[in-house]
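Below, each chain spelled out in residue letters.
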Amino acid sequence: MAGHTQNEIVIAAPVDLVWDMTNDVANWPDLFSEYASAEILSQEGNKTTFRLTMHPDKDGTVWSWVSERETDRDTLSVTARRVETGPFAYMNIRWRYEEVPQGTRMVWIQDFAMKPDAPVDDDWMTDNINRNSKVQMALIRDRIEQAAAEREPVPSLTD
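Numbers given for residues are sequential positions, taken from 1 along each chain in its written order. At least 70 in pLDDT is required for a residue's local features to be given in this predicted model, at least 80 for side-chain atom pairs to be given and counted, and no such filter applies to totals for whole chains, interfaces and linings, which use all residues. Side-chain metrics in this entry use all non-hydrogen atoms of the structure; hydrogen atoms and water are not considered.

1. Focus: the overall build of the protein chain
Part 1 of the argument: A tally of helices and strands in the protein chain yields three helices and seven strands.
Part 2 of the argument: The linear arrangement of helices and strands in the protein chain, starting from the amino end, is β-α-α-β-β-β-β-β-β-α.
Part 3 of the argument: If one aligns the C-alpha atoms of the protein chain with their principal axes, the spans along those axes are about 70 × 35 × 30 Å.
Part 4 of the argument: Across the 159 residues that make up the protein chain, the buried fraction comes to 41%.
Part 5 of the argument: Working rule for contacts: check all heavy atoms of both residues, and any pair within 4.5 Å makes them a contact. By sequence separation, contacts in the protein chain at least 24 residues apart represent 51% of the contacts at least 6 residues apart. Helix numbers and strand numbers start at the N terminus; a helix is a DSSP run of H or I with at least 4 residues, a strand a run of E with at least 2. Partly exposed describes any residue whose relative accessible area lies between the buried limit of under 20% and the exposed limit of over 50%, with all areas from a 1.4 Å probe on protein chains only and scaled to the type maximum.

Shown next as structure tokens:
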């Protein structure tokens, strides 16, 4: 059996700002609450290879892995996969962006399977990813909407 998740959120900000902020991997520790660091290992065209390191979990374990991420600005989509899979047999991720009247819809789709000797199974990880994606997406929405508000011109007193 494999795991599959799909989560989405609408961000009240222009697609260009959402795209730029969410695809700036080096700054993910400032965007996501779960990442302690993001180290860019290589960049070739639209493909970025990077190491993510999480903050310690409740047991004090620090999880870290290498992923590849390829952006396609023309189709407003991203594909990614873990290179160092850790407890996953595989982890493939797609992000899609869509301009909507309220701003930008961002969709995360994850397809994965846990290794037989992983400490959790596919069902557990599916629930965990769904729970955590909602938390992270709401945080990202709030941070991007704050950035968008800070970029709006302030009317002058003489207007």
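That was the structure; now back to the text.
2. Details of the nonpolar core
Part 1 of the argument: For this analysis, a nonpolar core means a set of buried residues of the types Ala, Val, Leu, Ile, Met, Phe, Trp, Tyr and Cys, connected via side-chain atoms within 4.5 Å. The biggest cluster of nonpolar side chains holds 28 residues, and the ones touching the most others in it are Trp28, Phe32, Trp95, Tyr97, Met106 and Ile144.
Part 2 of the argument: Among the elements that line this core, the one with the most residues is helix H3 (residues 122–151), at five residues.
Part 3 of the argument: If you look at the next biggest cluster of nonpolar residues, it comprises seven residues, including Met91, Phe112, Met125 and Ile129.

3. Observations regarding H3
Each turn of an α-helix holds 3.6 residues, which means side chains three or four residues apart point in the same direction.
Part 1 of the argument: Here the expected length of a helix is defined as 1.5 Å per residue gap, with one fewer gap than residues. Here H3 spans 42 Å end to end across 30 residues, near enough to the 44 Å set by a 1.5 Å rise per residue.
Part 2 of the argument: Among all positions of H3, only Asp122, Met125, Thr126, Ile129, Ser133, Gln136, Met137, Ile140, Ile144, Ala147 and Ala148 are buried.
Part 3 of the argument: Contacts from the buried residues of H3 go to strand S1 (3–11), helix H1 (15–22), helix H2 (28–31), strand S6 (88–100) and strand S7 (103–114).
Part 4 of the argument: Polar contacts, as used here, are pairs of N or O atoms within 3.5 Å; protein pairs need one atom able to donate a hydrogen and one able to accept it. Residues neighboring in sequence count only if both atoms are side-chain atoms. You can read the cap of H3 off the contacts: a side-chain oxygen lies 3.3 Å from the backbone nitrogen of Asp123, and it is on Asp121.

4. Focus: the environment of Ser37
Part 1 of the argument: Assignment of secondary structure puts Ser37 in strand S2 (residues 35–44).
Part 2 of the argument: Overall, the relative accessible area of 30% leaves Ser37 in the partly exposed class.
Part 3 of the argument: Along the chain, Ser37 and Arg51 lie 14 residues apart, while their C-alpha atoms are 8.0 Å from each other.
Part 4 of the argument: In contact with Ser37, not counting residues within four places along its chain, are Pro29, Arg51, Leu52 and Thr53.

5. Here we look at the environment of Glu34
Part 1 of the argument: Mapped onto the elements of the fold, Glu34 is located in the loop between H2 and S2.
Part 2 of the argument: Linking Glu34 and Leu17, residues 17 residues apart in sequence, is a C-alpha distance of 22 Å.
Part 3 of the argument: If near-sequence neighbours (up to four positions away) are discounted, Glu34 is found in contact with Thr53, Met54, His55, Asn132 and Gln136.

6. A short note on the layout of surface pockets
Part 1 of the argument: In this structure, the largest pocket spans a volume of roughly 1,000 Å³.
Part 2 of the argument: Cavities and pockets were defined on a 1 Å grid built from protein atoms only: a cavity is a group of points that admits a 1.4 Å probe but offers it no way out, a pocket is an open group of points flanked by protein on both sides within 12 Å along at least five of seven lines, and a lining residue is one with an atom within 4 Å of any such point. The wall of the largest pocket is formed by 36 residues, among which Glu34, Met54, Arg82, Met125 and Asn128 lie closest to the centre.
Part 3 of the argument: Under the scheme applied, nonpolar residues are Ala, Val, Leu, Ile, Met, Phe, Trp, Tyr, Cys and Pro; charged residues are Asp, Glu, Lys and Arg; polar residues are all the others, including Gly. Its residues placed into classes, the lining of the largest pocket shows 22 nonpolar, seven polar and seven charged. Grid points are joined across faces, edges and corners, and a volume is the space filled by probe spheres set on the points.

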